[in-house]
Amino acid sequence: VPALATEPQFAQRLREHLEAEQLLDGRYRLQQVPGGRVALPVLEEKLDQLQLPQEMPCVLVQIQDPVPSRAARRWTPAQKLQDELRRLLGESWSEELEKDVPHAWQRHGDLILLSEDSFRAALWEKLGPVLWETVASALGARRVARRGRVLPDGMRSPSVTLLLGQDGWVEHVDNGIRYTFDVTKCMFSPGNITEKLRVASLSCSGEVLVDLYAGIGYFTLPYLVHAAAAFAHACEWNSHAVEALRRNLVLNGVQDRCHIHHGDNRQVSGATQPRSPRSCVASASLSLFFQLQLQDVADRVNLGLIPSSEEGWPVACRVLKKDTGGVLHIHHNVETPVQRAEGAGFDGGLQHPMDDSGKETVGARIRPEWQRWAEATAARIRGLLAELHGQQWHTSILHIEAVKSYAPHVHHIVLDLECRPTLP
């Protein structure tokens, strides 16, 4: 770091002079250098403006091991980024550019993922690679990427541009589970962490899971690693997600307990079509089964697709064990009007109401809209199961979990629905 070295008695006056001329580099502390002199760090990009004051004898030196100032140690990453960019641009810096600098981003190891609305001003483009090198250096990263809008391809593929680095493969750790994926090809949803933690806490020992929308293993892995499911059938049609899922199963040592069903599950293969007029109503949804060739295998089915997993409900019914049934975990986005009953606020503490005996109840403090959707879904599943197996089934709402606010007045919730055949 360049610095001006002077005798101790001139240090304070020289500091005031450099501050007045905006030449002092506030990121670093004043340091003693050989000969008993005091070195004051100066901004390298402004060295051409530096004029040595005659009344304060000093020389230009280099500090080999600069010590960060107290102010620099208190800077947030966003403040440090803005400061580095201001130094890069010098006199070209403006309030308009300052508004264009992000204050938040996603970090995946050594890769920073910026939001789509950051660095959009024309001047940034003119800087070229030096901009992204500066961003990476300021944030302690080696690679930089920027998000775009999710592509309307049915797979929620991200539109991500790699700005610095050779590839987009990253590793992320949640609750002790390692996930690797290519950020330019696959989505990662940090907002679902509460549901992944809940899944991990379930007791699934000896059970077979079918995950109808596995992705890179968001829920498949917690079921296998923490909930101790005996085996999982992971269904996914995005080839990039499948590649990540294969790697993640190996990373977490559970590849021998999972079979991946890869393909566009909406395409009907040559399997038997539904025959009755009533079952034809669900034929489009049942195409998932025809592709999978799975039935009567699952103790538990995860339907982790939003805004709605309804297309997979008939498939979930078919893969459930017909003699014993099981549990469906149904994800859905439910609209919640502004007007609501007192005490029905969105609060994680209200999602586990108890009755007098200490047993969890569902209707007590859950939002009415969620309860109505859950009851309608339970009735729909009950009808699908009865039609599929030719006998009555019982469905029971075990739990309604609020995962996150998805949009204004829309909440992502999960219904735990127990489904059992009625004894003759």
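For the structure itself, look to the data block above.
All values reported here derive from a predicted model rather than from experimental measurement.

*Asks:* Give me the lowdown on the sheet that holds strand β16 (residues 393-407), citing residues and values where you can.
*Replies:* Spatial strand order, β13-β12-β11-β14-β15-β17-β16: seven strands in an open sheet with mixed pairing. Among the strands making up the open sheet, the edge pair consists of β13 (258-262) and β16. Strand-to-strand twist across the sheet, computed as the mean angle between neighbouring axes with direction ignored, equals 15°. Across three bridges, strand β11 (residues 208-211) lies against strand β14 (residues 300-303) in parallel orientation. The residue of β14 that forms the bridge with L209 is R300. Running over the sheet, helix α7 (residues 193-201) touches β15 (326-335), β16 and β17 (410-421) and is turned about 145° from β16. Packing of helix α9 (residues 239-251) onto the sheet brings it into contact with β12 (231-236) and β13, and relative to β13 it is tilted by some 170°.

*Asks:* Let's hear about the pattern of salt bridges: which residues, and what values?
*Replies:* Applying the stated criterion across every chain yields a total of 19 salt bridges. Taking the shortest distance from any N to any O, the salt bridge between R87 and D83 comes out at 2.7 Å. In this pair, R87 and D83 both sit in helix α3 (residues 77-89), four residues apart, roughly one turn of the helix. With respect to burial, R87 and D83 carry one shared label: buried.

*Asks:* Got a sec to walk through the state of the cysteines? Specific residues and values, please.
*Replies:* Tallying each qualifying case throughout the model produces zero disulfides. Between C258, a cysteine without a disulfide, and C235, which holds the nearest cysteine sulfur, the sulfur-to-sulfur distance is 9.0 Å. Left without a disulfide partner, C317 is nearest to the cysteine sulfur of C419, which lies 6.4 Å away.

*Asks:* Explain helix α6 (residues 129-138) to me, and be specific about the residues and the numbers.
*Replies:* Helical geometry note: an α-helix holds 3.6 residues per turn, so side chains three or four residues apart project in the same direction. Residues L131, W132, T134, V135, A136 and A138 constitute the buried set of α6. Summarising the contacts, the buried residues of α6 are in contact with α3, β6 (111-114), α5 (122-127), β7 (143-147) and β8 (160-164). Where α6 terminates, the next one or two residues include G140, which has phi positive at roughly 65°.

*Asks:* Hey, could you go over the environment of V199 for me, with residue numbers and the actual values?
*Replies:* The topology assignment puts V199 in helix α7. Look at V199 and you get buried, because its relative accessible area is 1%. Not counting residues within four places of it along the chain, the set of residues in contact with V199 comprises F219, P222, Y223 and A227.

*Asks:* Help me get a handle on the environment of V334, residues and values and all.
*Replies:* Residue placement: V334 occurs in strand β15. Given a relative accessible area of 7%, V334 falls into the buried group. Considered as a pair, V334 and W370 are 36 residues apart in the sequence and their alpha carbons are 6.7 Å apart. Those residues in contact with V334, other than ones at most four positions away along the chain, are E369, W370, W373, H409, V410, H411 and I413.

*Asks:* Please provide a residue-by-residue account of the packing of α3 against α6, values included.
*Replies:* Two elements in contact, α3 and α6, have axes separated by 9 Å at closest approach and are oriented at 145°. Between α3 and α6 lies a crossing whose hand is right-handed. Taken together, the residues of α6 that come into contact with α3 (itself represented by K80, L81, E84, L85 and L88) are V130, L131, T134, V135 and A138.

*Asks:* Run through the pairing of β6, naming residues and quoting values.
*Replies:* The alternating pattern of β6 places L111 and L113 and I112 and L114 on opposite faces, both of which are buried. In this sheet, β6 lies alongside strand β5 (residues 106-108) in antiparallel orientation, the contact comprising three bridges. Residue pairing for β6: H108 is matched across the bridge by L111. As consecutive antiparallel partners, β5 and β6 are separated by two residues, and within that stretch G109 has a phi angle of approximately 65°, a positive value.

*Asks:* Pulling in residues and values, what's your account of the packing of aromatic side chains?
*Replies:* Under the counting rule described, the total for this entry stands at two aromatic pairs. With a centroid separation of 5.0 Å and 90° between ring planes, the pair formed by F119 and W124 is classed as edge-to-face. On the basis of relative accessible area, F119 is assigned to the buried category, the value being 0%. The class for W124 is buried, based on a relative accessible area of 2%. Here F119 and W132 contribute two aromatic rings whose centre-to-centre distance is 5.5 Å and whose plane-to-plane angle is 90°, an arrangement assigned as edge-to-face. Separated by 13 residues along the polypeptide, F119 in the loop between β6 and α5 and W132 in helix α6 bring together distant segments of the chain. Through successive ring pairs, a cluster of aromatic residues spans F119, W124 and W132. For K196, the ring lying beneath its charged end belongs to Y179, and the centroid distance is 5.1 Å.

*Asks:* Explain the environment of E418 residue by residue, including any values.
*Replies:* Within the secondary structure, E418 sits in strand β17. Under the relative-accessibility criterion, E418 is labelled partly exposed at 24%. With 23 residues separating them in the primary sequence, E418 and T395 have C-alpha atoms 5.5 Å apart. With residues up to four places along the chain from it excluded, the contact list for E418 reads G326, V327, H394, T395, S396 and L398.

Cut-offs used in this document
Numbering of residues starts from 1 in every chain and runs along the sequence as written. Only residues with pLDDT of at least 70 are given local features in this predicted model, and only at 80 or more are side-chain atom pairs given and counted; all residues enter the totals for whole chains, interfaces and linings. Just so you know, side-chain values use all the structure's heavy atoms and leave hydrogens and water out. For two strands to count as paired, DSSP must find a minimum of two bridges between them. Think of it this way: any DSSP run of H or I at least four residues long counts as a helix, any run of E at least two long counts as a strand, and we number them from the N terminus. In this analysis an axis means a line fitted to C-alpha atoms, helices contributing only their contacting stretch, and an angle means the value between N-to-C directions, from 0 to 180 degrees. The contact criterion used throughout is that any non-hydrogen atoms of two residues lie within 4.5 Å. Any carboxyl oxygen of Asp or Glu within 4 Å of a side-chain nitrogen of Lys or Arg constitutes a salt bridge here. The buried label applies to any residue whose accessible area, calculated with a 1.4 Å probe on protein chains only, is under 20% of its type's maximum; exposed applies above 50%, and partly exposed to all values in between. Any two cysteine sulfur atoms lying within 2.5 Å of each other are counted as a disulfide. Each crossing gets its hand from how the near helix is turned against the far one by less than a right angle, where anticlockwise is left-handed and clockwise is right-handed. Here the aromatic set is Phe, Tyr and Trp, taking the six-membered ring for Trp, and pairing holds for ring centres within 6.5 Å; pairs whose planes are under 30 degrees apart are stacked, those over 60 apart are edge-to-face, and all others are tilted. The rule is short: NZ of Lys or CZ of Arg within 6 Å of the ring centre and within 35 degrees of the ring normal puts a charge over the ring.

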